[in-house]
Structures are given as C-alpha cells and as structure tokens.
Amino acid sequence: SAKPVNDRHPVTTFIASTVFNLQSVLDIPNFKGTMKSLTHDESFFRVGRVEGSVTCIFFSVGQSVPSKTEVFQPRTSSSVGHLNSSEMHLVVQVRKCESLAIADEEKGVSSPFLRVSWDNMMQTSFVLKNTIRPTFNHTFYFPVRFFNEKITSRKYLETAFLYEMRSKGDIQIQVWHHDDASSTSLGFTTVSLVSVLQSNHEIKCTLRGRVKTGRDAAEGEELDVPQSAAGAWYDQERAVRWFDGSRTPLVGCQIANPNQPLLHFEAFFYPAWPTDFHGLTEFAQEEADALDWPNKEAAFIQRNETFAENFAGPFPDSIGAKRCVALGQMGDIRSFPCIGLHPMNLEPLPLMAFLAETTVSQDYIPPAKLLHWMHCITYTMSTKQERTGMIYKEMWKDPQYLLFSRKGSPQDHAILLCSVLLGMSRDAYVVKGTIQVPTAMSKPKLVEHVWVMTREDGGWVTFWEPSTREFYHLPNRWVETKKKVLAEPKVQKTNEEDDEEEDETALAIQDFTSHEVGDVMVELDGVPTVGRGPRPKAKAKLGRDLVKQQMLETQRFLPTAPKSQLLGEQSLVDWLPYDSIDVVFNKTQLWANRQNQHPACITYNFEDSYPINEAQEATGTWMTLLSDEERSNYSIRYVTDNVLMEPSLKHSQLRQLESQLVTESQENLRLLRGRIGKDTIFDHRPQLLEQLDQFLHIHEEIATLDVDFCPLWDTDSAKWNDAESYLARLLAPHFQERFNKFGTAFNQPDRKGKYRYYTTVQAAEQKGWHQVLAKIRSFKEGKSVFPTMKGKVFGGFPLHFSSADKDLIRDYVMKSSEYQELIHQHDDSIFTIHCHIFPLPGGITSTWLFFGTQSPLKDS
C-alpha cells in the first residue's frame, strides 16, 4: 500500500517480494513469480503470485540508440567469466550419455541435446548430431538467489530459509532429440535437492569442476577444465559436498530401446553451504508419508463399481451401465481414472498433480486465439491408445512435456490448455469422457477422450475442444452458490399443474411387481362382482402399457436420469460430440460424475458433492476424491511447479522451413505426375506469391477468431457486400450460421469489481473480424491485376497443418482429394506451391500450404 506525502515520497508498507530469472525474458517477455514474506510461520510464507511482462532493449556501450543486433551471453555457454562472484552457484556437469534410443529411424541415430532446469531456470546445451553415445562435457551454472538478503541469517536458518530451499524444487536433467519441427524425449532423471546438499562425499572443487588428482590422471579421465590466470575467484579450491551421478538411469522415453539409457553427471554447490539442512530431510520424510494414492484409487474404483451397478438397473443399455472395473481390460471403457504415473520416476500421483499454472502472453487472452495455438501442436497417440481406445496411467503427461516435445495426445493438449486457463485465473477443469469414432466396420467405436471445461459467469459452462478448435456453450448448467441443487427447480404452478404433479407422484411411488399389472375397472354382464374381480386376458396388454408408462415416470426422478429442466427449448444442447462425462479435475480436487452420463443432461455444481469416504447413503451430483480433511492435511506433489516456455521460431528458421516444404512438395508432385506420363511446370513469380501470401494471412487470421462473434450472423445475407459474401464463402461449408444457437458465454458484461475479461475478449473479436473484412477488401481489389498468364484461369486450395514436419505433411497431403485431382491436371496446366509458416509461442508453428494451378480457358 502507498500514500503520497507532499506529492514526492510515498509512505509504503512492505508486504512481500520475489525474484525473477531474466535469462529467458530475452526471448519470452512474460514472467511469473511467487510473492514471499520473511516470516517464521510457514503458513504466511507464500503471500501470492505476480505476473507481468518485461521488454528488453539492447544498447551498445556508449550509445543512446537501441542496437539492431542482440549481443548477450549465449544460453548454452558454460564459461564462468560472466558469473557474479558474490553469488553461490549450483553446478551441474553432464559428462556423457550411453545407449540412447534411436529417434531418427532413417539414419539409425539421434541428435541429442540437454535441458537442465532448477528454481524456475532452464538451460540448454548444444546439439550433438547423429549419435546415441554423446559426450557433452557441458557445465550448467545456476545462481542461488533469495527474495530477501536476511533469509540466510542465523535467525531464519531453521524457518524461512528452509521454506525457501524447499520452494526451489529438485534438479531435472532431460535428454531430447533435436528436430526442426518437434522434439522427442530420450529420457529424464530427477535429482533431489536433499541428496546434493547432504552428500557424504566431500572433495576439493573450483567453480569449473573437480580439482585433478593423481587418481584421475591414472584413470585417464578427461575433465575438460580450461586453465586460467592464477588467483581468479572461480579457480579457488573449496571443500564441497559432491554428488556423483554416474550411470544414472534415464526414464520416460517412449521409443522402444532394448538397452537401458544411462547418464553420467556431477552436481555440487560452490561454495559449500554452512548448514546441514536437517530440516529439509524431515520435509522429505513428511512427503514420503503422504497420502497412499494406490489405496485411495482402490476405494475410488470400488465406489464407482457400486454406482455402475445401480445405474444399470433403470438404464441397462446406456453407457453409464457399462461395467466399471480397474482400467486395463478391453471393453470396460467407462472408467473413472484418478491416478497417473509420474513421467520420470513412475510414482503414482493423482491426476491433479499433472496441472501447473502456465503464463502466456496477454495476446492469447482471447479464447479463440488460445485454442488455435493449442490446435497447432501436433497430435500424436501411442499405438496402445489407438488400438484400445483407452487412456492408461502412464499416458498422462505434464504441460512442460508437451511444450518441449511439441506433439502429444488429446489428454496432453487438455492438460496444457487447462494449465494456461488456470494461469489466467479462469475456473477451468480437465474433463475425461468418451466419444464415438468411425471404424472400418459399420458400428462406430466408443473411445476415451479428454477436453477442457470452464465455468463462466451467468451459469454458463463452456467446453473447449482443441482437436477441432471449437467451443460448445451450455447455458443454465450451474449456479454460483454453495447450496445443494435439487433435481427439479421449484417454480410457481397453477392448480391444474399441482393436481397433475400429485397424480404423477402417486404413480411414481406405487409398488408394482413383475407379474402384476395395475387395477383395471371391468364390467361383466350378468355376473355379480364382490371386491376385486378377475383380470381379463384381453385387458392384460393395456395393463402392461400402463406399467411401462409408470416406470418411465419413476425414472424421471432418479438422480441418474437426464435433468428435465435441461431438455427444454431454451437449454437443450444437442450438438455436442461427446457421449459421456466420467471425471472432472483441477489442481486441487477430482470429481466423479454421479448423474446421467451425457454432458448436456447434467449440472456442474461441484459444490453439491460428497467424498468417497462418506457413507453409501450419501447423496450429491458429484463424488470427490479427497475429503476436506485430506485436502487440509496433505499436499499434492505436482509434477512441475513452473512451466518454462521456449521462444517463437526466428524469422530465418521459418524461411528455411518454408523453403524445405516447398521444395519437398514440388518434387513430390513432379514425381507423382511423372508416373502417369505428365509434365509439371511451376510458376513462382514474386507478384503471384505476394497475392497468395495475402490470401494465407486472411485464412490464418480467421482461424484465430471465434465464429460466434462473426458479424455476418447479425445481417441478412441479401444485404451482404462483396467482402462479406467472400467471407461467407471462406467459412462455408463448416459454418453457415452461429455455431452455438444459444450464443456464446463470452458475449456478456463483466461483473463490477472483477477483471474485465469478457470486455477484453469482445473488443479483440470485433477488432479481429473488422481487420479480416478489411484484408478481404484489399485482396479483392488486387484480384483485378492478379498475375495470371494469358489464356489461363487460376484456381487452387489452401491446406493447414499443425506441424512443420515435411514427412507428416507429405502423408497428410496425399490423403487430400483435391490434391489427387491436382495430380491428374492437364499437361498444359502450370502449378504454384506456396508456403507460409506463422510463429507461435513455445516454438509452435501454424503451417499453411497453397496448391495452385493455371489451367487453359475452356471454350464454354
């Protein structure tokens, strides 16, 4: 807080502080930090979180004008001259790797490089081409920084200092295969900070490594430590605790490898710490004594089995009636997962542990632009998941894994998208359910699928589908109170409606057995009747129909029946691609669905829930994995606390990839046409490519906008101008009207006192569609001078790819029916292939290829 005094110096009250690592800000302008307070009470140590952006402007020495070239210490440099002599450093020396997996099957080798991270800092090594036994001899230096200088004083050594050291996390060493379009993991290892700080091996070291001894020389060990002038601060010998990581197994590689990959490295702090860190050891023991997740999973599965059996009674043919058993048996596709395996040590963890709040640029606040970024990450799936249609424990990954590899499964995309939305302080959840996919057989296959959900203001629920870049908005699906929601809302009724409801309730509570029908009034001529008369056989059918009707009325009031208030004209959403919803989770809790299986027929009041350790008679629309007591007594060990994002590809890299794709596409087309005896001539005049580039820019901008905000839907099609008609043709056939007939949850006013999220989204969408129409008008004006050759007519089609891998793109192109027609074009046709790759955060690319042809004009 601050109060101005004489308009000069404010009177301030210090609250908390944080430290940012500016190394990555040179490429990525956004940052995130935890605000910490110098205190003895751990509950008050973490005060909050701060996010923002930093712009770095480079100046040459003695110059007042910004430099056009960025001159700074390379991130892969292992020199020590630029380090601060007053700081302590964590030193990680990676020597070599053995028996790495083969990532490049054509060459039978890999091109490995290292990523080492600690305390929200990540450093990378150089790439060693074409080897599976790389010798790096690379040293990584991580400065040890604290948010407050007083934290190392004796007063705080047993309290705030230990809290700070715990927050820095463990050391992660990752080996990756380098590729221009994506990366492939070759293995990981994690080194606990406690194991380094309390190593029993003490030796003499300088900042640049171990001091050579006679034994090292006898063994012929190459330390590759450069010599320097005597007396330099970094060459002073000090006794340190030295951690030997020789022959450390690497785990987490998805490539089949008959050998065990190994890593050789060393780690130590220079200079050594003056404390023994017994408090950190006790903290590690507390984590080891945390919640028993396998037993928790067993109890969770048992409760779900009971729920499935009860569901099958009134709805025996529905998805919710399928058997619920431990995942791993074919056919039991309605599972309720709650546990995944840590990608590095295969430790069982709750699914909540895979989420991590991720910060991105403010440019990606608009939902459509964020979803387009997710859509541009290459989709790939393990053979096991493709064959079974099921998501197993080892198939869950943290968001850092997807950002590094730049390719992943639908659940990987959902985890990253939810992490980004949580970083924006949105009420976001990961949803696991099922969908139907076509197969070679006539009957579609039901497979497991994962997507993202947000609860928006006004009772809206929005599903985010990265694979198709679509939003599904469901109105009236939750209420913003903690009261339990009844199955049917209470509304004022007329007397006639009350009478009808009483009759229906009376029918619902009647007890009918399987061999009886309801009482029927019959009249028998000439026969006196006393009491209940016999049931005539002719009327039995009428009685069975009545029983069926009454049973249907009874089902309406079951908790697993579709909510009747959601089936009306103002709430029914019948365009969802999902068939069931099973579990939902965020960073703190996981909920199992205890309603109908279909996501459009249930409510999302997660406050109306009960934990699995409650009695069987407990009621609620959702069942939680953790009770309130467990959430307060146990903390979740997240796979990663800080997600590091690589910068966008530079202009030179993009142009190189574009050139490779064009060359590959030209040779492929020439080869395919040559097989059927046709010549292929290309036209790549700059004037033509400039027009096509403008056309691809229009398509890319449309892909980043929400079609529900398109201004075309507010105007009669008869009144569209040329630009609007052209935009309608670009949107067809996928979109000929608003995708969501009830509108979008993002088109509503912001609440007073809250962040202006919806206002920001609406302004960005309006501006974006306005710019698209302006670019279309400019493009149409240029069509009058379009550089088409005389006697020719120009035509073509664009294709979008979520990858820049030329091998993947070649396979996708061959599946295009339009491309197959291109192959059989007339010999007099002239072809044009143009590529434009748009850079996105994290090294992701949005790739567009345009295939054009100039064909002879027909006499007609």
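Since the model is a prediction, treat every value here as computed from it, not as a measurement.

The rules we used
- Residues numbered from 1 in each chain as written.
- Predicted model: local features only at pLDDT ≥ 70, side-chain atom pairs only at ≥ 80, totals over all residues.
- Heavy atoms only, no water.
- Helix = DSSP H or I, 4+ residues; strand = E, 2+ residues; numbered from the N terminus.
- Buried < 20%, exposed > 50% of the residue type's maximum accessible area, 1.4 Å probe, protein only.
- Contact = heavy atoms within 4.5 Å.
- Salt bridge = Lys/Arg side-chain N within 4 Å of Asp/Glu carboxyl O.
- Expected span 1.5 Å × (residues − 1).
- Core = buried A, V, L, I, M, F, W, Y, C linked by side-chain atoms within 4.5 Å.
- Pairing = 2+ DSSP bridges.
- Axes fitted to C-alpha atoms, helices over the stretch in contact; angles between N-to-C directions.
- Phe/Tyr/Trp six-rings, centres within 6.5 Å; stacked < 30°, edge-to-face > 60°.
- Lys NZ or Arg CZ within 6 Å of the ring centre and 35° of its normal.

Moving on: the overall build of the protein. A tally of regular secondary structure across the protein gives 18 helices and 32 strands. Counting across all 860 residues of the protein, residues that qualify as buried make up 48%. Here the analysis covers contacts within the protein between residues at least 6 apart in sequence; of these, 70% occur between residues at least 24 apart.

This part is about the pattern of salt bridges. Under the definition given, this model contains 29 salt bridges. Note that Glu98 and Arg247 form a salt bridge whose closest N and O atoms lie 3.9 Å from each other. Residue Glu98 is found in strand β5 (residues 88-98), and its partner Arg247 is found in the loop between β14 (243-244) and β15 (248-249); the two are separated by 149 residues along the sequence. Residue Glu98 is classed as buried on the basis of its relative accessible area of 13%.

Turning our attention to helix α14 (residues 686-703). Given 3.6 residues per turn, any residue in an α-helix points the same way as the ones three and four places further on. Between its first and last C-alpha, α14 extends 26 Å over 18 residues, near the 26 Å set by a 1.5 Å rise per residue. Three or more residues of α14 are buried, namely Leu688, Gln691, Leu692, Asp693, Phe695, Leu696, Ile698, His699, Glu700, Glu701, Ile702 and Ala703. Residues of α14 that are buried make contact with α6 (367-375), α15 (722-731), α16 (757-782), β30 (792-801), β31 (830-839) and β32 (845-856).

Now for the environment of Lys790. You can see Lys790 is positioned in the loop between α16 and β30. On the basis of relative accessible area, Lys790 is assigned to the exposed category, the value being 85%. Sequence separation between Lys790 and Gln854 is 64 residues, and the spatial gap between their C-alpha atoms is 9.7 Å.

The next thing to look at is the nonpolar core. In terms of nonpolar packing, the biggest core is built from 94 residues, with Trp373, Trp464 and Leu727 touching the most fellow members. Among residues more than four places away in sequence, those in contact with Trp373 are Val360, Tyr364, Leu403, Val420, Met645, Leu840, Pro841 and Ile844. Core analysis: the second largest hydrophobic core is formed by 40 residues, Val92, Val94, Leu157 and Val191 among them.

Turning to the side chain of Glu297, a few remarks are in order. Checked against the element boundaries, Glu297 lands in helix α5 (residues 293-312). Sequence-distant contacts of Glu297, defined by excluding residues within four places in its chain, comprise Cys338, Ile339 and Lys393.

On to the sheet that holds strand β6 (residues 112-118). Sheet architecture is open: four strands sit in the order β7-β6-β9-β10, paired in antiparallel fashion. Both edges of this open sheet fall to β7 (121-124) and β10 (184-191), since each of them pairs with a single strand only. Between one strand axis and the next, the sheet turns by 20° as a mean value, whatever way the strands run. Where β6 meets β7, four bridges bridge the pair, whose relative direction is antiparallel. In the strand pairing of β7, Arg115 is matched with Thr124.

Here we take up the pairing of β5. Within β5, ten of the eleven residues are buried, which leaves it mostly tucked inside the rest of the structure. Bridge analysis of β5 against strand β8 (residues 135-144) gives eight bridges, and the strand direction is antiparallel. In the strand pairing of β8, Lys96 is matched with Thr135. With nine bridges joining them, β5 and strand β16 (residues 262-270) adopt antiparallel strand pairing.

Below, the discussion takes up the packing of aromatic side chains. Under the defined criterion, the tally for this structure stands at 43 aromatic pairs. Taking 5.9 Å as the distance between ring centres and 80° as the angle between the ring planes, the aromatic pair formed by Trp451 and Phe463 counts as edge-to-face. Of this pair, Trp451 sits in strand β22 (residues 445-455) while Phe463 sits in strand β23 (residues 461-465), and the two are twelve residues apart along the sequence. For the pair Trp451 and Phe463, a shared accessibility class is recorded, and that class is buried. Taken together, the ring pairs in this structure connect Tyr429, Trp451, Phe463, Tyr472, Tyr578, Trp591, Tyr604, Phe606, Trp622 and Phe739 into an aromatic cluster. Between the NZ or CZ atom of Arg594 and the centre of the ring of Phe307, over which it lies, the distance is 4.3 Å.

What follows deals with α16. For α16, which comprises 26 residues, the first-to-last C-alpha distance of 38 Å matches the rise-based estimate of 38 Å (1.5 Å per residue) to within 8%. Looking at the buried positions of α16, the neighbouring elements they touch are α6, β23, α14 and α15.

Read from one edge to the other, the open sheet built from three strands follows the order β12-β11-β13, with strand pairing classed as antiparallel. Where the open sheet ends on each side, the last strands, each with one partner, are β12 (209-210) and β13 (238-241). In terms of strand pairing, strand β11 (residues 202-206) meets β13 through four bridges, oriented antiparallel. From the neighbouring strand, Ile203 faces β13, where its bridge partner is Val240.

Our next topic: the environment of Met165. With respect to the secondary-structure elements, Met165 resides in helix α1 (residues 160-167). Put simply, Met165 and Val194 are 29 residues apart on the chain and 9.7 Å apart in space, counted from C-alpha to C-alpha.

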